Amino acid sequence: ECPLCLLPQPPEAFPTLASCSHRSCGACLERYLCLAVSESRVPVPCPHCPALLHPSDVHRLLPGPALRDKYEQFLLRRLLVADPGTRWCPAPDCSYAVFAPGCAECPRLTCGREGCGTEFCYHCRQPWHPDGPCAPMPPVPSLATPTAQLAQPEELAHGEALAQAEAEDIKVCPRCSALIMKINDGSCNRMNCTVCGCLFCWLCLQEISDVHFLSPSGCTFWGKRPWSRTRRILWQLGMVLGAPMVISLAAGVAVPVITIGIPIYMGRKVLAGGPGSRRSSLSGCQQCLSVTSSVLLSLFVSPIITALTVGVGVPLVLTYVYGTVVLSLCR
């Protein structure tokens, strides 16, 4: 049975993959690859695990030469985007890659594609500007002329609100400058660029690690905007000053709760037996002995669990508060 379409298939319908041992029928793999390549999700992972499919398997399973050429194009672009010395020609409909390692001192680049020859800047990746520094990205142009502003104020306000929403919904990948679209509704801010595979924060547009949203940067895992500087500093000061009291209170509550709660929980768990359970056939003396032994064993184990919880958790919290948070305040 194919795990994707859930239909019984003959053994020869399941192609062998070089990347992993998972098996799906050829028709499902073909549809999966067509969708992945059309959405530029290249390299393509196995539909069952993160292992990347080997290019020879992809070529074998893709139905036509057009999709194979597109797959090769996306794969090559992914490799070039990962190279920090590669720049893309900004001319319309060109997308020619220029290899420019070590060109930071002499930033004037020329596109080598026949018939193009566009000159552009290595740093800002815009058309060459010999008489001035790199210009910032131009703002979004207004959607109405001054005459239209006087004639149709409501339409102008609606248009400007639409442009602002579009500007907030579309941002640029910090590694490869690809345009990324996200509905700014306060959902997850951990973004993954499908072109270069960069993991970045939607709020600050910085490449992130696993602890980015735990750091006192002001970026939250969910939310539309990062915290303001004042709120961030007040929160950090509150953490530094209130950490000893909060940790002591948490430890003071956790120690008796874990020490006493585990034996009570285990005793109730052993005592609560349904009609079909094995304990229903035990006598009263045997049930009492079973509950007593489980409670005594829990009384022996619970102090060890409590010591491990407090001994590991408290140093980790103190290291975070007086390490990461204090360093962030000093910046």
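Worth saying up front: this structure is predicted, and the values here are computed from it rather than measured.

1. Concerning helix H1 (residues 26-38)
Consideration 1: End to end, H1 covers 18 Å across 13 residues, agreeing with the expected 18 Å (1.5 Å per residue, within 8%).
Consideration 2: Turning to H1, its buried residues are Cys28, Leu29, Tyr32, Leu33, Ala36 and Val37. What you see down the axis of H1 is that its buried residues fit within an arc of 155°, all on one side.
Consideration 3: Its buried side turned inward, H1 meets helix H2 (55-61) and helix H3 (65-81).
Consideration 4: Looking at the residues trailing H1, positive phi occurs at serine 40, about 60°.

2. Some words on the UniProt feature "transmembrane region" (unreviewed entry) in the protein
Consideration 1: Those places that UniProt annotates as "transmembrane region" (unreviewed entry) correspond, in this numbering, to residues 233-266 and 304-330.
Consideration 2: Taken end to end, residues 233-266 comprises 100% helix and 0% strand; its first and last C-alpha atoms sit 45 Å apart.

3. Some details on the environment of proline 55
Consideration 1: Looking at the element boundaries, proline 55 is found in helix H2.
Consideration 2: Proline 55 sits 16 residues away from tyrosine 71 along the chain, and the two C-alpha atoms are 9.0 Å apart.
Consideration 3: Here proline 55 is in contact with Tyr71 and Leu75, once residues within four sequence places are set aside.

4. Re the side chain of serine 294
Consideration 1: Among the secondary structure elements, serine 294 is positioned in helix H7 (residues 284-330).
Consideration 2: If we ignore the near neighbours within four places in the chain, the residues touching serine 294 are Met266, Gly267 and Val270.

The rules behind these values
Residues numbered from 1 in each chain as written. Predicted model: local features only at pLDDT ≥ 70, side-chain atom pairs only at ≥ 80, totals over all residues. Heavy atoms only, no water. Helix = DSSP H or I, 4+ residues; strand = E, 2+ residues; numbered from the N terminus. Expected span 1.5 Å × (residues − 1). Buried < 20%, exposed > 50% of the residue type's maximum accessible area, 1.4 Å probe, protein only. Arc of directions from axis to C-beta. Contact = heavy atoms within 4.5 Å. UniProt positions renumbered as here; feature names shortened; annotations may be inferred.

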